[in-house]
Amino acid sequence: MHVILGASGKVGRTTIAALRKQGIPVRAVLRDPTKAQAFSDLGCEIAIADLNDRRTLIEAMNGARAVQVICPVNVRAERAQANMLQTIETIAEALTAANPRQVLAISDYGAQHSSGTGVTLIFHALEARLRKLDSKLIFLRSAEHMQNWARLTKVAAETGQLPSFYHNQAKLLPIISAFDVGSIAAELLLESNDAKLRIVHAEGPQRYTPNDIAAAIGLLAGRNVTALPLPETEWQNVLLRAGLSEEYAQLLVELYTAHNAGRIDVESDVGELRRGGTGLVDALRPLLLA
């Protein structure tokens, strides 16, 4: 039995579909029971659990050979960092009690750093806490999801300007489709490997610059789109206007500062690199149609 937390998200759904295609038993862990039917139709067992409820999580993981975990992000939480750290602790306690043979954690580029990376510090904390488990571990460090540009894609298509938090619009960025992360996770869960810890970095078929992203949006929208850097003094207010809490906005400001300093990347000489197959235009196309 493979237990997938965050089953209804892009990564989780894709992992589940790939595992079920291979006939692997899957238990989909959902918070919202109204989403259960789609996973039942795939032949999954269903567990309803809150990731902050240790008891229901242990029940959801009972009898699991492998568990895939992801730390949910609440961008509107006033105490965003404390809330995410508490969720990590609850998940880890449940994993300790369930003691699956293998745990795959969806992590992030830059998770190797212990300071100065904003929201990515949550993934550093996740990896550090899971290292205390007896289970075999896979840390799947994902580059930024192409779908994260959704909030800016329509604005850029309408105005011809793509706001960018990057200083250099010709800087090559590691990004990947979230659906490819789910597919790579399934591949790793199906592989036979006796290593106690594997660190795998995941990014797309190539790296793209903010200028490339603007050009891809322009191609899809049928107009010229230019990437324009936002002044750092405006970052916080722009994020607040987008509906983020003050604390989460500050975590993102710190993240983009680290990105511009070149700190959010593959950990040098550690682990391996897997590439997804989805190109930028194919990932952005559904965002404009949504």
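Up top you'll find the structure we're talking about.
Residues numbered from 1 in each chain as written. Predicted model: local features only at pLDDT ≥ 70, side-chain atom pairs only at ≥ 80, totals over all residues. Heavy atoms only, no water.

## Observations concerning the side chain of threonine 14
At step 1: By the secondary structure assignment, threonine 14 is in helix H1 (residues 10–21).
At step 2: For threonine 14, a relative accessible area of 16% corresponds to the buried category.
At step 3: Leaving out residues up to four positions away in the same chain, threonine 14 has contacts with Phe179, Gly182 and Ser183. (Helix = DSSP H or I, 4+ residues; strand = E, 2+ residues; numbered from the N terminus. Buried < 20%, exposed > 50% of the residue type's maximum accessible area, 1.4 Å probe, protein only. Contact = heavy atoms within 4.5 Å.)

## Notes on the nonpolar core
For soluble globular proteins, nonpolar side chains are generally found buried alongside one another.
At step 1: Membership of the largest hydrophobic core comes to 96 residues, with the highest contact counts inside it found for Leu5, Val69, Leu95, Leu130, Leu140 and Leu162.
At step 2: Excluding residues that lie within four positions of it along the chain, leucine 162 makes contacts with Trp149, Leu152, Ala156, Pro210, Ile213, Ala214, Ile217, Val225, Thr226, Ala227 and Leu228. (Core = buried A, V, L, I, M, F, W, Y, C linked by side-chain atoms within 4.5 Å.)

## So, helix H5 (residues 121–130)
At step 1: The buried count for H5 comes to seven of 10 residues, which makes it a mostly enclosed element.
At step 2: Within the span of H5, buried status applies to Leu121, Ile122, Phe123, Leu126, Glu127, Arg129 and Leu130.
At step 3: Residues of H5 that are buried make contact with strand S4 (66–69), helix H4 (80–98), strand S5 (102–108) and strand S6 (136–142).

## Examining the packing of helix H6 (residues 150–159) against helix H11 (residues 280–289)
At step 1: H11 packs onto H6 with a crossing angle of 70° between their chain directions and a minimal axis gap of 9 Å. One way to sum up the angle between H6 and H11 is to call them roughly perpendicular. For the pair H6 and H11, contact is made by Ala150, Thr153, Lys154 and Ala157 and by Leu284, Leu287 and Leu288, respectively.
At step 2: When grouped by side-chain class, the residues that make up the contact of H6 with H11 number five nonpolar, one polar and one charged. (Axes fitted to C-alpha atoms, helices over the stretch in contact; angles between N-to-C directions. Parallel < 35°, antiparallel > 145°, perpendicular 65-115°, else oblique. Nonpolar A, V, L, I, M, F, W, Y, C, P; charged D, E, K, R; others polar.)

## Details of H6
At step 1: Considered for burial, the residues of H6 that qualify are Leu152, Thr153, Ala156 and Ala157. Buried residues of H6 fall within an arc of 135° about the axis and therefore sit on the same side.
At step 2: In the core, the buried residues of H6 are packed alongside strand S8 (161–164), helix H8 (210–221) and H11.
At step 3: Following H6 by one or two positions, glycine 160 has its phi on the positive side, about 80°. (Arc of directions from axis to C-beta.)

## Focus: the sheet that holds S4
At step 1: Taken together, eight strands build an open sheet; the order of strands is S3-S2-S1-S4-S5-S6-S10-S12 and the sheet is parallel. Of all the strands in the sheet, the pair left with one neighbour each is strand S3 (45–48) and strand S12 (272–275). With strand direction ignored, the average angle separating the axes of adjacent strands in the sheet is 20°.
At step 2: In the sheet, strand S1 (residues 2–4) pairs with S4 via three bridges, with the strands oriented parallel. In the sheet register, valine 3 faces S4, and the bridge partner there is valine 67.
At step 3: Contacts from H1 reach S1, strand S2 (26–30), S4 and S5 within the one sheet, and its direction differs from that of S1 by about 160°.
At step 4: Running over the sheet, helix H3 (residues 54–61) touches S1, S2, S3 and S4 and is turned about 165° from S2. (Pairing = 2+ DSSP bridges.)

## With respect to the packing of aromatic side chains
At step 1: Enumeration over the complete set of coordinates arrives at four aromatic pairs.
At step 2: Between tyrosine 166 and tyrosine 256 the ring centres are 5.6 Å apart and the planes differ by 85°, which places this aromatic pair in the edge-to-face class. Taken together, the residues tyrosine 166 in the loop between S8 and strand S9 (175–176) and tyrosine 256 in helix H10 (residues 246–260) connect sequence positions 90 residues apart.
At step 3: Its relative accessible area of 7% is what places tyrosine 256 among the buried residues.
At step 4: Relative to tyrosine 256, the ring of tryptophan 235 lies with its centre 6.3 Å away and its plane at 65°, an arrangement referred to as edge-to-face. Separated by 21 residues along the polypeptide, tryptophan 235 in helix H9 (residues 232–241) and tyrosine 256 in helix H10 bring together distant segments of the chain.
At step 5: Here a set of aromatic residues connected by ring pairs shows up, and it is made of Phe165, Tyr166, Trp235 and Tyr256. (Phe/Tyr/Trp six-rings, centres within 6.5 Å; stacked < 30°, edge-to-face > 60°.)

## Observations regarding the environment of alanine 261
At step 1: Tracing the chain through its elements places alanine 261 in the loop between H10 and S12.
At step 2: For alanine 261, a relative accessible area of 55% gives the class exposed.
At step 3: Each C-alpha atom, one on alanine 261 and one on tyrosine 166, is 9.9 Å from the other, the two residues being 95 residues apart in sequence.

## Remarks on the layout of surface pockets
At step 1: Size it by volume and the largest pocket reaches roughly 1700 Å³.
At step 2: Residue assignment for the lining of the largest pocket shows that the elements contributing at least two residues are H1, S2, H4, S5, strand S7 (144–145), H6 and H10.
At step 3: Sort the elements by how many residues they give to the lining of the largest pocket and H10 lands first, with five residues. (1 Å grid on protein atoms, 1.4 Å probe; cavity = no way out; pocket = protein on both sides within 12 Å on 5 of 7 lines; lining within 4 Å. Points joined across faces, edges and corners; volume = space filled by probe spheres on them.)

## Side note on the pattern of salt bridges
At step 1: On inspection of all chains with the given rule, the structure shows 16 salt bridges.
At step 2: One salt bridge in this structure joins arginine 198 and glutamate 272, with 3.0 Å as the shortest N-O distance. With a gap of 74 residues between them, arginine 198 in strand S10 (residues 197–203) and glutamate 272 in strand S12 connect regions that are remote in the sequence.
At step 3: A relative accessible area of 10% places arginine 198 in the buried class.
At step 4: One continuous salt-bridge network, built from bridges that share partners, spans Glu187, Glu191, Arg198, Glu272 and Arg274. (Salt bridge = Lys/Arg side-chain N within 4 Å of Asp/Glu carboxyl O.)

None of this, on its own, says anything about what the molecule does.
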